[in-house]
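# Per-entry structural report
Residues per chain, in single letters:
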Amino acid sequence: MQNANELESFRGDVRAWVAENFPASLQGADLAGIAGGESGAKASDTVRAGLEAWRQKLAEKGWGAPTWPVEYGGAGLTDPHANIIGEEIHRAGAYNPIPHMTGMGVTMVGPTLLEYGSEEQKARHLKGIASGEIRWCLGLSEPNAGSDLASLSTKADDRGDYFALNGQKIWTSGANISQWCGALVRTDTDAGKRDGISFVLLPMQQDGVETRPIRLISGISPFCETYFTDARAEKGDLLGNLNDGWSVVKRLLQHERQSQTGGRGVSMLDSEPLHVKAQRFVGTDDNGALIDKDLRQRLVRNYMDGAAHRLTAQRITDEASGRVEVSAAASILKNSNTRFAQQKAELALEIMGSQGIGWSGDDFAEEELGIVREWLSGKAMSIYGGSYEVQNNIISKNVLGLPETTQKG
Amino acid sequence: MAALTEEQSILKDQATSWVEAELPVQKFRDFRNSNSDGGFDPKAWSAMVDMGWTGILVPETFGGSDLGYLTFGVILEQLGRQLCASPLFASAYVGASAINMGGNDDQKQRWLPGIVDGSEILTLAVDEQPRHQRNAIACKASASDGGFLLSGAKTFVPEGMSATTFVVAARTDAGVIELFLVPANADGVSRTQMDTVDKRDHARVTLTNVVVSGEAHLAGMPSGELYEHLLNRACAGVAMEMLGIGCCSFEMTLDYLKTRKQFGKVIGSFQALGHRAAELYSAQEMARSCAEAGVIAIDNGADDQAAMSALSKAKTGEFLFDMSNQLIQIHGGIGMTDDFDAGFYLKRARALEALYGNQALHRDRYATLLGF
């Protein structure tokens, strides 16, 4: 158990540090969008300079990845300490851009490297992630390997001191703006489908790699198709053992689920409580109750689902005494969060009526347009990171111990 | 499971093993089949008294242990798992809460030690119509000669036949709902057993010009507040019992999914059922968080106790409603037979769903409390 006094004194230090170091020029800027490299996010030179200064300050403290060892660019802190850093940065109206600046680096690649990487690999890759300087993407899904990831066909041929990769990946987040990629590739075509797979790391800036952004229903292009044509991955960048990539990726995907169990960062949906929006658009009776009783019932159910999700996330943290293990609970929380968030966006749209179907232009408030885009992009929540149905497979098999329901290769 | 103190953990383990050894659902079946009077086995009840469960909410000066609502809730959850019948909840949770919050020192001295040693069985008499509505109280308490004259008719009173004292919700001359302690053997009190699906003790209670002294009035809180607070606390307790019923129903169902074979495989290997189990398990985890948060909010004296109580009853109710139906559905034909226990769980689930307001009522309360 952490000493509560020690944590509170740490909180005070963090608060003072944030107040002193968060650049005033960044107040109110869409840092998540800018740091995440979103196409729609625009930033002035002042904001960009402020962001870079803020990144450097955080990186010096090791707060880009506070729980990682100091030697790898972290701060060697416990989860409760890391939570306090996040809370205090949020409380100050600031934002920690480093996780977003690294793509999949802080949330997925780094934790997996810490477990599976050689000393040499950890020394070479982790600092660039913790400091927010190197952005990572992941080459996992393929056109014919989605939920059935192990059926992937991108090949890596052994060329002596390196692997040559050939094949196509899809849904690679931020591939067009990343410096490095972690890719799941087939290294033994004769072995069983999960037994001939390896996990390699490769730089994206090379002739053998081509990326094509995919335009989504929300109008943005966070994902790419990524083509490998004799793309080169050094032997020293094989993560884990040869043909044992399935173990590596299973762990990586657990880290992914863990990172998708909470909120979605800054959201237009949170700029005004949904019931207040409903009172504004729908109207109330003399007692202040919404006049649309059907909507009111569905709204309160959504509020309760949100409360139940938050309480469960909190309870699981408490039970682990502050140490959030990557666990089966992540699948439950990913699905409950997805259900809640998608329903919430649908309710917001319904409440706004025709203002909830605007695409662009002065007929619609910025907030209204933002909500519409979030409604659309949020449809991905039940698809990415293991679909809603895949999470239920995991719960039924790994938590409840029911027999495997899917085909094993 | 909420983080428990060492003392709470010991009590929980004690309750779990005692319930499994001494009061498994088979005992409830035996009791139902025996057509005995009263709603519970007196020997089991005195064992609960001996284990100190009746004193969990009572201050030490009045013979209790004052361990709080989460502790009591954890016990209720264990009792719910095996559908243990007893007046523990009605008397030592709801009754003791009423006296603690609304009683003066004399009233506490008069009632609390009796609740702890089991010689008094209190129960809240609130409903007057089939659907619980907090304000639908017509029962009257008119001031008379320094005391009160009570008249009205109550229904669906838990442990109503075995109670020694009713905590009656009645309207004063000022039109406010207040609570009055009425001995079951007072002149003008009559009661009749209701035969309900859960085969527990529920009674109709009629009060005809019942005379009580001023000391019967629980006046320790500002006008009308005690009644609201007491119902909020009662709902959080019911939610913990419902959680236990739901969790045990889930475990029975999961067991069956792993053992019942059709088409040459255990039926849990079919994805439709695997996913249904996953959804039910997720709902159970959400319900647990809400139910525990309800009693924890009381212990913490949280500002949002009323909302948390509504959340706990509504979300636990939602889970138990689905779970009890799936308990029958997934067991198929065997689930329909009286020889199997599933029916007991379904029936008790619906009795508790109705008690102190169903899911819809608590969703409505939650929305109102949040301001819409």
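Residues numbered from 1 in each chain as written. Chains lettered and ligands numbered in written order. Predicted model: local features only at pLDDT ≥ 70, side-chain atom pairs only at ≥ 80, totals over all residues.

## Re the overall build of chain A
When helices and strands are tallied, chain A shows 13 helices and 8 strands. In summary, chain A has a C-alpha radius of gyration of 22 Å against a globular reference of 22 Å for 409 residues, a match within 12%. Summarising its shape, the C-alpha atoms of chain A cover approximately 80 × 50 × 45 Å along the three principal directions. The buried share of chain A, taken over its 409 residues, is 41%. (Helix = DSSP H or I, 4+ residues; strand = E, 2+ residues; numbered from the N terminus. Rg over C-alpha atoms; globule rule 2.2 N^0.38 Å. Buried ≥ 20, exposed ≤ 12 C-beta atoms within 10 Å, placed from the backbone.)

## Digging into the overall build of chain B
A count of helical and extended segments in chain B gives 11 helices and 10 strands. Per-residue burial for chain B yields a buried fraction of 54% across its 372 residues. Sequence-distant contacts in chain B: of pairs separated by 6 or more residues, those separated by 24 or more amount to 74%. (Contact = placed C-beta atoms within 7 Å.)

## Observations regarding the domain arrangement of chain B
Where interface size is given, it is often the accessible area lost as the parts come together that is meant. Residue and element names in this part refer to chain B. With domains assigned, chain B is organised as domain 1 (6-120), domain 2 (123-218) and domain 3 (225-370). One C-alpha centre belongs to domain 1, the other to domain 3, and the line joining them spans 21 Å. Residue-level contacts link 21 residues of domain 1 with 24 residues of domain 3. Elements with a minimum of two residues in the side of domain 1 that touches domain 3: α2 (25-34), α4 (69-81) and α5 (88-102). By residue number, the principal contributor to the side of domain 1 that touches domain 3 is α4, which donates 10 residues. The residue makeup of the side of domain 1 that touches domain 3, split by class, is 13 nonpolar, 6 polar and 2 charged. (Domains from an automatic or database assignment. Nonpolar A, V, L, I, M, F, W, Y, C, P; charged D, E, K, R; others polar.)

## Observations concerning the domain arrangement of chain A
Residue and element names in this part refer to chain A. Considered domain by domain, chain A is made up of domain 1 (4-101), domain 2 (136-244) and domain 3 (260-399). Here domain 2 and domain 3 have C-alpha centroids that lie 32 Å from each other. Here the side of domain 2 that touches domain 3 is built from residues that sort into 3 nonpolar, 3 polar and no charged.

## As for unusual backbone geometry
Residues and elements named next belong to chain B. The backbone phi angle of Glu159 is positive, close to 50°, even though this residue is not glycine. Relative to the elements of secondary structure, Glu159 occurs in the loop between β3 (147-158) and β4 (165-172). Positive phi values are uncommon outside glycine, yet Asn209 reaches one of about 45°.

## Brief notes about the pairing of β4(B)
Residues and elements named next belong to chain B. By the criterion of burial, β4 is predominantly enclosed, with 6 of the 8 residues buried. As paired strands, strand β2 (residues 140-144) and β4 are joined by 2 bridges and run parallel to one another. When the sheet's bridge partners are listed, Lys140 is paired in β4 with Arg171. Across 7 bridges, β4 lies against strand β5 (residues 177-183) in antiparallel orientation. Note on β5: the bridge partner recorded for Phe166 is Val182. (Pairing = 2+ DSSP bridges.)

## A word on the nonpolar core
By size, the foremost hydrophobic cluster in this structure holds 155 residues, and its most contacted members are Leu150(B), Val168(B), Ala169(B), Leu179(B), Phe180(B) and Val182(B). With 19 residues, helix α7 (residues 225-259) of chain B is the single largest residue contributor to this core. Among the nonpolar cores identified, the runner-up in size contains 67 residues, and Ile85(A), Ala156(A), Phe163(A) and Val248(A) belong to it. (Core = buried A, V, L, I, M, F, W, Y, C linked by C-beta atoms within 7 Å.)

## A word on the packing of helix α1 (residues 6-22) of chain B against α4(B)
All names here are of chain B. For the pair α1 and α4, the least separation of the axes is 9 Å and the interaxial angle reads 15°. Relative to α4, the element α1 lies roughly parallel. By crossing handedness, the relation of α1 to α4 is classed as right-handed. Within the contact between the two elements, α1 uses Gln8, Leu11, Lys12, Ala15, Thr16 and Val19 and α4 uses Leu70, Thr71, Val74, Ile75, Gln78, Leu79 and Arg81. Its residues assigned to classes, the contact of α1 with α4 comprises 7 nonpolar, 4 polar and 2 charged. (Axes fitted to C-alpha atoms, helices over the stretch in contact; angles between N-to-C directions. Parallel < 35°, antiparallel > 145°, perpendicular 65-115°, else oblique. Left-handed = near helix turned anticlockwise from the far one by under 90°.)

## As for the interface of chain A and chain B
Chain A puts 30 residues into the contact, and the matching count from chain B is 32 residues. Contributions of two or more residues to the side of chain A that touches chain B are made by α9 (274-282), α10 (293-319), α11 (329-352) and α13 (388-399) of chain A. By residue number, the principal contributor to the side of chain A that touches chain B is α10(A), which donates 13 residues. When the residues that make up the side of chain A that touches chain B are grouped by side-chain class, the tally is 15 nonpolar, 10 polar and 5 charged.

## A word on the environment of Leu280(B)
Residue and element names in this part refer to chain B. The topology assignment puts Leu280 in helix α8 (residues 271-299). When the 22 C-beta atoms within 10 Å are taken as the criterion, Leu280 is described as buried. Taking the C-alpha atoms as reference, Leu280 lies 13 Å from Ile245; in sequence the two are 35 residues apart. Setting aside residues no more than four positions away along its own chain, Leu280 makes contact with Phe250, Asp322, Met323 and Gln326.

## Focus: the confidence of the model for chain B
Per-residue confidence for chain B averages 96 on the pLDDT scale, and 100% of its residues sit at or above 70. Reported confidence for the predicted complex is 0.95 by ipTM and 0.88 by pTM. (pLDDT = per-residue confidence, 0-100.)

## Observations concerning the confidence of the model for chain A
Confidence in the prediction for chain A averages 90 pLDDT; 94% of positions are at 70 or higher. Looking at the elements of chain A, mean pLDDT is at its lowest for helix α2 (residues 31-35) of chain A, recorded as 72, and at its highest for strand β5 (residues 197-203) of chain A, recorded as 98.

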